[in-house]
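Listed below, chain by chain, are the residues.
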Amino acid sequence: NVFGWEAPASWLQSINPLFIITLAPVFGWLWVWLDKRKKEPSLPLKFGLGLVLLGVGFLVIAWGATYTVEGQLVSPAWLVSTYFLHTCGELCLSPVGLSSITKLSPPKFVGQMMGTWFMGAALGNLIAGLVAGYIEALPVAQIFSTVAMIVIASGFVFLLLSRPIKGLMGGVN
């Protein structure tokens, strides 16, 4: 309910695209601004940051899930906050990843490598669905916090390995 008017729950599905549309120019500006000051993070560092933000978003939704009781509603602010963090993480990873594919791939294989990037996303969704089938009996908060820990740990691994990975990139920024 917003000031006595009931907004349909399905409207929450438009929050993520709205965040992407509004935040993409902000992130684009941020990367250019940092680059002009010679402080732009490397591609692997952006990947790690994106994963950490994704994990923190799952921590937020796990925290919100602890307030759910059978039949009791919780504020949609938990979901909106999660979408915000996930969108920020996505904007650190997705456009940066696509850019890195075009920069790092041999010219003859750019199309194939772009396809491989999207195939990786599809396989990730498939694996996530299969894993979800095994853990659906767990409490919701535990599912989200487990996912959060795995993603945050992956992000920190990327952050720790960002310098050696950058060295393997042959000067590509």
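Everything below is about the structure printed above this text.
In this text, all values refer to a predicted model and were calculated from it rather than measured experimentally.

Here we take up the environment of Y83. One can find Y83 in helix α3 (residues 77–104). With relative accessibility at 22%, the residue Y83 sits in the partly exposed group. Here the alpha-carbon distance between Y83 and W5, two residues 78 residues apart in the chain, equals 23 Å. Each residue touching Y83, except ones within four places of it in the same chain, is listed here: L12, I15, N16 and F19.

What follows is about the side chain of K46. Tracing the backbone through its elements, the reader meets K46 in helix α2 (residues 43–65). We classify K46 as buried; its relative accessible area is 4%. K46 has contacts with W31, E40, P41, C92 and V96, leaving out every residue within four places of it along the chain.

Time to look at α3. Between its first and last C-alpha, α3 extends 39 Å over 28 residues, near the 40 Å set by a 1.5 Å rise per residue. At E90, α3 shows its maximal bend, which comes to roughly 30°. Along α3, the positions that sit buried rather than exposed are T82, L85, H86, T87, C88, G89, L91, C92, V96, G97, S100 and I101. On its buried face, α3 sits against α1 (15–36), α2 and α4 (110–135).

Calculation rules
Residues numbered from 1 in each chain as written. Predicted model: local features only at pLDDT ≥ 70, side-chain atom pairs only at ≥ 80, totals over all residues. Heavy atoms only, no water. Helix = DSSP H or I, 4+ residues; strand = E, 2+ residues; numbered from the N terminus. Buried < 20%, exposed > 50% of the residue type's maximum accessible area, 1.4 Å probe, protein only. Contact = heavy atoms within 4.5 Å. Expected span 1.5 Å × (residues − 1). Bend = angle between axes of the 7 residues up to and from the residue.

Keep in mind that these numbers describe shape and distance, not what the molecule does.
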